[in-house]
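# Inside the fold
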Amino acid sequence: MAKIKMKKKATSTDMTAMCDVAFLLLTFFILTATAKVPEAMPVDTPASTVQTKLPESDLATVIIGKEDGKNKVFFDLKGKDVRKRALELMGEKYNVQFSEEDKTKFSLMTDFGVPIQNLKQIIDMKAADRVKAKQPGVPMDSLDNQLKEWVKRKRFLINKNTVKWLN
């Protein structure tokens, strides 16, 4: 009796669809990733075991560091409305005029480290240039303690009952 020969089929698999899926996933993850926000000064935060989270708005951040042998202070406020209003109050205190466009740009900025008189120059810069710019820090000496004034105005905006100590 004669044996019947079975035809052997090739065992290769078309990988085109798998490559398409892989590149679609790669594209999705790249486009949905968030970039790290540039910092004025690198901050090494310690590990924390606190269970409560910080609020997303109504928060002030003070970064104190040493650069080129000098102490520098950078200040940041969270919340667009709080930032705008704080800029208005500081402008009134130091007689510096800010336009509505300046206030809007300031509300979108990150931390800053310049005296209020030079803040308009920082606001007018592009974000990439702002990070590269040498900022001397917010003044905090006894004659011109602008850091104290920023904090006072921030606290005033959070707690409206503090009007008596604002001036």
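Read on for an overview of the structure. (Residues numbered from 1 in each chain as written. Predicted model: local features only at pLDDT ≥ 70, side-chain atom pairs only at ≥ 80, totals over all residues. Heavy atoms only, no water.)

## Some remarks on the overall build of the chain
This is how the line gets drawn: Counting from the N terminus, the helices are the DSSP runs of H or I reaching at least four residues and the strands are the DSSP runs of E reaching at least two. Within these notes, the globule rule equals 2.2 Å times the number of residues to the 0.38 power, and the radius of gyration is based on C-alpha atoms. Per-residue accessibility takes into account occlusion by the displayed protein chains alone, with areas from the Shrake-Rupley method and a 1.4 Å probe. As used throughout, the charge tally considers Lys and Arg to be positive and Asp and Glu to be negative, leaving His and the chain termini uncounted. We put the charge of a Lys on NZ, of an Arg on CZ, of an Asp on CG and of a Glu on CD.
Scanning the chain from terminus to terminus reveals six helices and two strands. Listing the helices and strands of the chain from first to last along the sequence gives α-β-β-α-α-α-α-α. Compactness check: the chain gives a C-alpha radius of gyration of 27 Å against a globular reference of 15 Å for 167 residues, more than 25% above the reference. Its C-alpha atoms give the chain principal-axis dimensions of roughly 110 × 35 × 35 Å. Here the chain displays about 12800 Å² of accessible surface, and carbon together with sulfur accounts for 58% of that area. Where the 30 positive side-chain charges of the chain centre and where its 21 negative ones centre are 8 Å apart.

## So, the packing of helix α2 (residues 80-94) against helix α3 (residues 100-108)
We count it as follows: Here an angle of 0 to 180 degrees is reported between the N-to-C directions of two axes, which are lines fitted to C-alpha atoms, with helices fitted over the stretch in contact. An angle below 35 degrees is read as roughly parallel, one above 145 as roughly antiparallel, one from 65 to 115 as roughly perpendicular, and any other as oblique. The hand of a helix crossing depends on one turn: near helix anticlockwise from the far one by less than a right angle means left-handed, and clockwise means right-handed. We call two residues contacting when some pair of their heavy atoms lies within 4.5 Å.
Look at α2 against α3: their axes get within 8 Å of each other, and the N-to-C directions meet at 130 degrees. Considered as vectors, α2 and α3 are oriented oblique to each other. Remark: the crossing between α2 and α3 carries right-handed chirality. On the side of α2, the interface is formed by Lys80, Arg83, Lys84, Leu87 and Glu88, while α3 contributes Asp102, Lys103, Thr104, Phe106, Ser107 and Leu108.

## A few points about the pairing of strand β2 (residues 70-77)
Operational definition: Only protein chains enter the calculation, and the probe is 1.4 Å; a residue is then buried if its accessible area is under 20% of its type maximum, exposed if over 50%, and partly exposed in between. One bridge is not enough; two strands pair if DSSP finds at least two bridges between them.
Within β2, six of the eight residues are buried, leaving the element largely enclosed by the surrounding structure. In this antiparallel pair of consecutive strands, strand β1 (residues 60-67) and β2, the connection spans two residues, and Asp68 shows a positive phi of 55 degrees.

## Quick look at the packing of aromatic side chains
Note the cut-off: Between 30 and 60 degrees the pair is tilted, below 30 it is stacked and above 60 it is edge-to-face, where a pair is any two Phe, Tyr or Trp rings, Trp via its six-membered ring, whose centres lie within 6.5 Å.
Tallying each qualifying case throughout the model produces six aromatic pairs. With a centroid separation of 5.4 Å and 65 degrees between ring planes, the pair formed by Phe28 and Phe29 is classed as edge-to-face. Exposure remark for Phe28: the relative accessible area of 47% places this residue in the partly exposed category. By relative accessible area, Phe29 is classed as exposed at 53%. On the numbers, 6.2 Å between centres and 80 degrees between planes, the contact of Phe75 with Phe112 is edge-to-face. One end of the pair, Phe75, is in strand β2; the other, Phe112, is in the loop between α3 and α4 (119-124), and 37 residues separate them in sequence.

## A look at the environment of Lys36
The topology assignment puts Lys36 in the loop between α1 (16-32) and β1. Along the chain, Lys36 and Val138 lie 102 residues apart, while their C-alpha atoms are 24 Å from each other.

## Considering the nonpolar core
The test is simple: Each nonpolar core is a collection of buried residues, namely Ala, Val, Leu, Ile, Met, Phe, Trp, Tyr and Cys, held together in the definition by side-chain atoms within 4.5 Å.
Ranked by internal contacts, the top residues of the largest apolar core, which has 24 residues, are Leu87, Phe106, Phe112, Ile116, Leu119 and Trp150. For this core, the secondary structure elements donating two or more residues are β2, α2, α4 and α6 (146-158). Among the elements that take part in this core, α2 stands out by supplying six residues, more than any other. Each residue touching Ile116, except ones within four places of it in the same chain, is listed here: Leu87, Met90, Tyr94, Val96, Phe98, Gln146 and Trp150.

## Describing unusual backbone geometry
Despite not being glycine, Asn95 shows a phi value in the positive range, around 55 degrees. Topologically, Asn95 is positioned in the loop between α2 and α3. When its relative accessible area of 69% is taken as the criterion, Asn95 is described as exposed.

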